[in-house]
Every structure is written in C-alpha cells, then in structure tokens.
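# Structural description and commentary
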Amino acid sequence: MVDQTWIIESAAARDLPGINRVIAAAISAWTVSDRVKRLALPLYHYELADLEDLQIDKVLDSLGTIVGVIAWGAVGPEDTLGREGEALLHGIYVAPTHQGLGVGKFLLEHAKQQAQRCGYRGFIIKASKDAVRFFEHLGGNREEHVPREYPYLFWLPVQNAE
C-alpha cells in the first residue's frame, strides 16, 4: 500500500546528490558481481545536463528524504521500436529500504500520467533481469521479437494511467 505521506516532485540541481545516493543504493541490491556494480554505477548517475534533457521526478518520504527516482524522455533513433508516441524510460530506482512498498509503482503511475498529458502512448523500457517481474506485474509487454542488445525490452502503454 502507498504511504499517503509520500510526495512526488520534479527534481532540481540541489537534488542530484540525494538522487544519486538512491541510485547507488538500488544498484547495490542488483544480483550481479560487485565489480559489475562498481563499473556500472558512474554510468547511472544523473548530472545537471540530464535535468535539461529528461523529466526526472523524485519521491520524498515523510522526513523529506529522497527514496525513489524516475527519469524518462523522448526516444532517440537508436532506441525506437517504430511505434507512434514512444517515450523512453531511462531509469526507475527505489532505495532498498523502500522496495516492495509501492514506491516504484507510485513513480511509474505518475510518469504514465505525465507522458499521456504530453501526447505519448507508451514507454520503451530496457529493464534489468531483476526488474522483469516488476514491469510485467505493472502491465509491461515483453518485446522478445525485436532484435536488440537488451534481452529485457518492454513496451508499457500509458493509456490506463490512473
């Protein structure tokens, strides 16, 4: 169940250290080697330029601590599935202490509403193996027929955004 004291807001430059702490904590829970986590982490951190290029939102708990983040934006030509109205989900991260409590679903439903208002029809999602069940549970359709370097590629329609 969603904690009614959670607040979702657009991220600002001052939020980047807290956002990147959540990302680091979330990546630390991945089921890959520590070396892979260490090498991958810098690639997942957001920077000031990302705030200009992406829609980045954060979830705050009742103490004002960032416990989740989602980032999405327009699809580049290298990522398109050829559908009209595509957006790309760049990342969704939840602090391990808040995983399984509905924060990820809260973030994703918010992003779906925003994307729908902007005229998008759905998200392309390049999921990690650990996130497959999450996206399937929330209505993501696996794109197994598409030859890509991402084995866990999903299409998530936004029309049912609540």
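Heads up: these notes are all about the structure in this document. (Residues numbered from 1 in each chain as written. Predicted model: local features only at pLDDT ≥ 70, side-chain atom pairs only at ≥ 80, totals over all residues. Heavy atoms only, no water.)

### Section: helix α4 (residues 103–117)
Here α4 contains 15 residues, and its C-alpha end-to-end distance of 21 Å stays within 8% of the 21 Å for a straight helix at 1.5 Å per residue. Among all positions in α4, only V103, G104, L107, L108, E109, A111, K112, Q114 and A115 are buried. Positive backbone phi, at 95°, marks G119, one or two positions downstream of α4. (Helix = DSSP H or I, 4+ residues; strand = E, 2+ residues; numbered from the N terminus. Expected span 1.5 Å × (residues − 1). Buried < 20%, exposed > 50% of the residue type's maximum accessible area, 1.4 Å probe, protein only.)

### Remarks on the nonpolar core
Core analysis: the largest hydrophobic core is formed by 24 residues, its most contacted members being L89, L108, F123, I125 and F135. Looking at this core, the elements that each hand over two or more residues are β3 (66–74), β4 (86–94), α4, β5 (122–126), α5 (132–137) and β7 (153–157). Broken down by element, this core gets its largest block of residues, five residues, from α4. If near-sequence neighbours (up to four positions away) are discounted, I125 is found in contact with L89, F135, Y152, L153, F154 and L156. Within the second largest apolar cluster, 16 residues are counted, among which are I19, V22, I27 and L54. (Core = buried A, V, L, I, M, F, W, Y, C linked by side-chain atoms within 4.5 Å. Contact = heavy atoms within 4.5 Å.)

### Focus on the packing of helix α1 (residues 16–28) against helix α2 (residues 34–44)
Put simply, α1 and α2 touch, their axes get as near as 10 Å, and they point 150° apart. In terms of axis orientation, α1 runs roughly antiparallel to α2. As α1 packs across α2, the resulting crossing turns out to be right-handed. Where α1 approaches α2, its residues I23, A24, I27 and S28 are matched on the opposing element by K37, L41 and Y44. For the contact of α1 with α2, the per-class residue count stands at five nonpolar, one polar and one charged. (Axes fitted to C-alpha atoms, helices over the stretch in contact; angles between N-to-C directions. Parallel < 35°, antiparallel > 145°, perpendicular 65-115°, else oblique. Left-handed = near helix turned anticlockwise from the far one by under 90°. Nonpolar A, V, L, I, M, F, W, Y, C, P; charged D, E, K, R; others polar.)

### Describing the packing of aromatic side chains
Scanning the entire structure with this criterion turns up seven aromatic pairs. Ring geometry for W30 and Y44: centres 5.3 Å apart, planes at 90°, overall edge-to-face. A residue pair is termed long-range when its members are at least 10 positions apart, and W30 in the loop between α1 and α2 and Y44 in helix α2 qualify at 14 residues. Taken together, the ring pairs in this structure connect W30, Y44 and Y93 into an aromatic cluster. (Phe/Tyr/Trp six-rings, centres within 6.5 Å; stacked < 30°, edge-to-face > 60°.)

### Some thoughts on α1
With 13 residues, α1 extends 18 Å from end C-alpha to end C-alpha; this agrees with the ideal 18 Å at 1.5 Å per step. Those residues of α1 lying buried are L16, G18, I19, N20, V22, I23, A26 and I27.

### Thoughts on the sheet that holds β7
Strand order in this open sheet of seven strands is β1-β2-β3-β4-β5-β7-β6, and the pairing throughout is mixed. Either end of the sheet is taken by a strand with one partner, and the two such strands are β1 (7–10) and β6 (141–142). As paired elements, β5 and β7 share five bridges and run antiparallel to each other. The partner of I125 across the bridge, within β7, is F154. (Pairing = 2+ DSSP bridges.)

### A look at the pairing of β4
The element β4 is extensively covered by neighbouring structure, given that eight of its nine residues are classed as buried. Note: β3 against β4, seven bridges, orientation antiparallel. Within β4, the position partnered with G68 by the bridge is V94. Where β4 and β5 come together, four bridges link them in parallel fashion. Residue L88 lies in a different strand from β5, and its bridge partner there is I124. Regarding topology, α4 serves as the crossover connection from β4 to the parallel β5, and that connection is right-handed. (Right-handed = clockwise from strand over helix to strand, strands pointing away.)

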